[in-house]
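Here are the chains, one letter per residue:
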Amino acid sequence: MNKMQWIRINFIIVCIGVSLIASFNYIIDRYGLNNMVHLEGINTNKISNTNITTRFQISTLSHGGYDTLLLGSSRIGVMDPKVVDRYLGGHSFSLGQPRSVTSIQYDLFLYALEFNTIKNVVYGIDFLSFNKNNMINTEYLDKEEKIKSRNREYNFDVYFSFDSFIKNLKFIKHNISGQDVSKIKEPAVYLPENGMRKHVVYIEALKNGTLDLDNEIHEHLRQYFGGKENNIYYNYTFSDKYLEYFKKIVRYCHDHDIRLWVYMPPMLGEHFDAIYAAGYFDEYEHYEKEIAKITDFIDFTGINTISMDKDNYWDSSHLREEFTPVVMARIFYDTSVKVPNDFGVLVTKENVDAHLDALRTQVRPYDIRPLLINNN
C-alpha cells in the first residue's frame, strides 16, 4: 500500500466513523433537540434540558409546525400547552424563557415567526420582565446573535461530538435499566416537545410526601428579593425601553391578524406582599398602568382564593400545572370550568386605577428582613 492509498483509506474510515457518531447522536437525541426518532425503552424519556433552554426552544421552533405561542417568563412555562390547544386547536409551543425581559421575548417571538405560521399568542407578562436591572442569563446570550439573525439551529456541535456519543451511551444504559432519566441532570425541570416546564422532581417529591414547600418558597423569595445583583428584583427600576418591546409585540400581532391574549400570571400571596414590603409597589402600580394603556389584560396577581393557598404552587411564583385549566378558562371566558370569582380580573385603561386601589387594600404585613439577612 502506498502513502496515498493509506491516506485515502484512513480518510474514508474517519469519515464513516464521524458519520456514524453523528447519526447515532441524532437518533438518540437525549435532550429532545429534534425528537425525530422514538425508540421505546431506548430514547423516549429525555434527560433534563433546562440548562439548554434557549437552544432547545430555537431548535424545536426551527422545525416548524406550531401555530400558537405561550410567550413570557417561566411562569407561563409551567402552563400546559395542551389545555390551550383545546381552545384554539392546532399545536401550541411554550416559549417561556426563565427570568426574561421583554427584549428577549421580542427576539424569540420574531424567531418563532420565522419558522412557524403563528396565529395566536397567549402572553403571560410579568413585573420582573420590566426591571431595568434584571440580569440576562448567559445561556440566552450565547444564542442571541443566531436568534436575532433568525438562523436555523442545527446543533452540529452536539451531533458531531464524541463527548455526546459517550453521554448518549450512558443515557441508553439508564433508559434500558428503567431509571428516571429526567432527573439525571440538574436543575430538575424537563422540557417536553411542546416546551412546557415540567418540575419532575417536585412532582415526585409531592407524590412521595417529601416536598419541603416552605423551604422552596423561602428560597425562591430570596432569589427575587435577596438584594444581590443577580437577584431578579434587584434595585427594581421600571424600564421604558422594555415597555417599547412589549408594545412592539402587541402592535405586530394587531398588524398581522395574530390573535393575542395578555395576562399577568398568578403569584403566591406572600410574594405579592413582599413586593410592597420591599418598597416596589409604586413601581408595580406604574407597571400595571403602562400595560393598561397598551392593551386589556387579565390580572391574576393580588390576594385571591388561589394565591392564598401555598399548596397551589411549586414555590413563590410558579403555579402547579394542574391549574392551567382554571387560568385558561378565565382567559378564554369558558364558563364550563369552575373558577373562583376573585381569581383573574379584567383590567382596562378605564378601570386600572380602581383595580390598583383594590390591590393596595389587599396587601398584608410582611417581614422581608429574613430574606435580606440570609442573602448577605
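Predicted model, so just to flag it, every value in this text is computed and none were measured.

**Q** Before we move on, could you go through the sheet that holds strand β5 (residues 297–299) and cite the residues and values that matter?
**A** As a general point, the strands of a sheet are linked pairwise by backbone hydrogen bonds and lie either parallel or antiparallel. The six strands lie next to each other as β2-β1-β3-β4-β5-β6, forming an open sheet whose pairing is mixed. Sheet topology places β2 (92–96) and β6 (345–347) at the edges, where each strand pairs with a single neighbour. Averaged over all neighbouring strand pairs, the angle between strand axes comes to 20°, with direction disregarded.

**Q** Give a description of the UniProt feature "transmembrane region" (unreviewed entry) in the protein that names residues and reports values.
**A** Those places that UniProt annotates as "transmembrane region" (unreviewed entry) correspond, in this numbering, to residues 6–28. Between the C-alpha atoms that bound residues 6–28 there is a distance of 33 Å. The span itself is 100% helix and 0% strand.

**Q** An account of the pairing of strand β4 (residues 259–264) is needed here, citing residue identities and associated values.
**A** Along β4, five of the six residues are buried, which leaves the element largely enclosed by surrounding structure. Judged from the five bridges that link them, strand β3 (residues 120–124) and β4 form a sheet pairing that is parallel. Each residue of the ladder has a partner; that of Val 122, found in β4, is Trp 261. In terms of strand pairing, β4 meets β5 through two bridges, oriented parallel. In the sheet register, Met 264 faces β5, and the bridge partner there is Asp 299.

**Q** Describe unusual backbone geometry, with residues and values.
**A** Here the phi dihedral of Arg 150 falls at roughly 55°; this positive angle occurs in a residue that is not glycine. Structurally, Arg 150 can be placed in the loop between α6 (138–149) and α7 (156–159).

**Q** Describe the pairing of strand β1 (residues 68–72), with residues and values.
**A** A large share of β1 lies buried, amounting to five of its five residues. Residues of β1 alternate between two faces, with Thr 68, Leu 70 and Gly 72 on one and Leu 69 and Leu 71 on the opposite face, all of them buried. Sheet topology places β1 next to β2; five bridges connect them, and they run parallel. Bridge pairing links Leu 70 to Ser 94 in β2. Here β1 pairs with β3 via five bridges, running parallel. Looking at the pairing, Leu 69 lines up with Val 121 of β3.

What counts and what doesn't
Residues numbered from 1 in each chain as written. Predicted model: local features only at pLDDT ≥ 70, side-chain atom pairs only at ≥ 80, totals over all residues. Heavy atoms only, no water. Pairing = 2+ DSSP bridges. Helix = DSSP H or I, 4+ residues; strand = E, 2+ residues; numbered from the N terminus. Axes fitted to C-alpha atoms, helices over the stretch in contact; angles between N-to-C directions. UniProt positions renumbered as here; feature names shortened; annotations may be inferred. Buried < 20%, exposed > 50% of the residue type's maximum accessible area, 1.4 Å probe, protein only.

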